[in-house]
Amino acid sequence: MLCGLDLDGVLCDLGPSVAARIADRFGVASHPSTWRSYDLRLLRLGVPEDKFSEFLDETFADPDLYGTAPVCDGVVGALHQLRRAGWRLVGITARPAHLAPATRAWMARHGLPIEEIHHTAVGTKSAVARQLGTHATIEDNPTEAELLADVGDSWLLDRPYNRASPVVRARRLSSWDDAVGRLCQLRLFA
Ligand SMILES: [Mg+2]
């Protein structure tokens, strides 16, 4: 059984670093737990829209952002439990290809038991998942999670910024503990 995992917002917590950069550049304090939109361009922080958009493009293209980001709460233990239950784990990310070396180094540094990482454009993860033959996927992007429901069990990890988005075909996970509980059960009855 193969499980496809999104990286940002699922394994890797970019929130604190992005918030620190917003504070540095615009002098605006904003805590990630108050972000209510998956698309950060839609955050209303009172900074000029074009400058903010440019800043976000620059920020998310910078390998250093990813290298220094912490692992999301509960990930390390959960991934090892999934492996012990027999799941094989692969990463499916919309990070651009130039971030592949920083991404691999980050995975290795944190000892995450992920076999391989696939980089693909936003909105195309389901094609990659189908090709790989994933049985389950975990995402934090509600749009992508709905598309991934075409391929297998699609789980949306609950985050403050995706809570307001309705999902119809994907199912929500409250936490990584919840993920382990559900996926291990799935495996048991497969
Ligand atoms: Mg994500």
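Computed from a prediction, not measured in an experiment: that's the story for all the values here.

Asks: Please clarify how the overall build of the protein chain should be interpreted in this entry.
Replies: When you go through the protein chain residue by residue, the secondary structure sums to 8 helices and 6 strands. Sequence-ordered secondary structure for the protein chain, helices as α and strands as β, is β-α-α-α-α-β-α-β-α-β-α-β-β-α. Relative to the globule expectation of 16 Å for 190 residues, the C-alpha radius of gyration of the protein chain, 16 Å, shows essentially globular dimensions. For the protein chain, buried positions account for 30% of its 190 residues. Once local pairs closer than 6 in sequence are excluded, the contacts in the protein chain between residues at least 24 apart make up 59%.

Asks: I would appreciate a short explanation of the domain arrangement of the protein chain in the present structure.
Replies: Many analyses report the size of an interface as the accessible area lost when the parts associate. On domain assignment, one finds that the protein chain holds domain 1 (2-13 + 71-189) and domain 2 (15-67). Placing a centre on the C-alpha atoms of domain 1 and another on those of domain 2 gives a separation of 23 Å. In this complex, domain 1 contributes 14 residues to the contact, which on the side of domain 2 involves 10 residues. In terms of residue count, the dominant contributor to the side of domain 1 that touches domain 2 is helix α5 (residues 100-110) (4 residues). Here the side of domain 1 that touches domain 2 is built from residues that sort into 9 nonpolar, 4 polar and 1 charged.

Asks: Got a minute to help me understand the pairing of strand β2 (residues 88-93) in this structure?
Replies: Regular strands have side chains that alternate between both faces of the sheet. In the sheet, strand β1 (residues 2-5) pairs with β2 via 4 bridges, with the strands oriented parallel. Counterpart to L2 in the pairing with β2 is R88. Summarising the sheet, β2 and strand β3 (residues 116-119) pair through 4 bridges and their orientation is parallel. Across the sheet, residue T93 finds its bridge partner in β3, namely H119. Remark: the β2/α5/β3 crossover connection has right-handed handedness.

Asks: When you look at helix α1 (residues 15-26) in this model, what are you seeing that I'm missing?
Replies: The α-helix advances 3.6 residues per turn, and as a result positions three or four apart in sequence lie on the same side. If you check α1, its first and last C-alpha atoms are 16 Å apart, about what 12 residues at 1.5 Å a residue would give, namely 16 Å. When α1 is considered as a whole, its buried residues turn out to be G15, S17, V18 and I22. The buried side chains of α1 occupy one side of the element, clustering within an arc of 165 degrees when seen end-on. Among the exposed residues of α1, those pointing more than 90 degrees away from its buried face are A20, A23 and D24. Looking at the buried positions of α1, the neighbouring elements they touch are α2 (49-61) and α3 (63-67). With its phi angle positive at about 65 degrees, G27 sits one or two positions after the end of α1.

Asks: Sorry if this is basic, but what is going on with the nonpolar core here?
Replies: One recurring pattern in soluble globular proteins: nonpolar side chains tend to sit buried together. Membership of the largest hydrophobic core comes to 34 residues, with the highest contact counts inside it found for V10, C12, L82, I138, W155, A179 and L183. Of all the secondary structure elements, the ones that give two or more residues to this core are β1, α1, α4 (75-84), α6 (125-132), β4 (136-139), α7 (142-148), β5 (153-157) and α8 (176-189). Beyond its immediate sequence surroundings of up to four residues, W155 is in contact with A136, T137, I138, A170, R171, L173 and A179.

Asks: So what exactly am I meant to see when it comes to the sheet that holds β1 here?
Replies: What links the strands of a sheet is backbone hydrogen bonding, and the strands pair in either a parallel or an antiparallel sense. Across the sheet, which stays open at both edges, the 6 strands sit in the order β3-β2-β1-β4-β5-β6 with parallel pairing between neighbours. A strand with exactly one partner marks an edge of an open sheet, and here the two such strands are β3 and β6 (171-173). Averaged over all pairs of adjacent strands, the angle between their axes in this sheet comes to 25 degrees, without regard to strand direction. Bridge analysis of β5 against β6 gives 3 bridges, and the strand direction is parallel. Looking at β6, one finds that L157 is bridged to L173. Sitting on the sheet, α6 is in contact with β1, β2, β3 and β4, with an inclination near 155 degrees to β2.

Cut-offs applied
Residues numbered from 1 in each chain as written. Predicted model: local features only at pLDDT ≥ 70, side-chain atom pairs only at ≥ 80, totals over all residues. Helix = DSSP H or I, 4+ residues; strand = E, 2+ residues; numbered from the N terminus. Rg over C-alpha atoms; globule rule 2.2 N^0.38 Å. Buried ≥ 20, exposed ≤ 12 C-beta atoms within 10 Å, placed from the backbone. Contact = placed C-beta atoms within 7 Å. Domains from an automatic or database assignment. Nonpolar A, V, L, I, M, F, W, Y, C, P; charged D, E, K, R; others polar. Pairing = 2+ DSSP bridges. Right-handed = clockwise from strand over helix to strand, strands pointing away. Expected span 1.5 Å × (residues − 1). Arc of directions from axis to C-beta. Core = buried A, V, L, I, M, F, W, Y, C linked by C-beta atoms within 7 Å. Axes fitted to C-alpha atoms, helices over the stretch in contact; angles between N-to-C directions.

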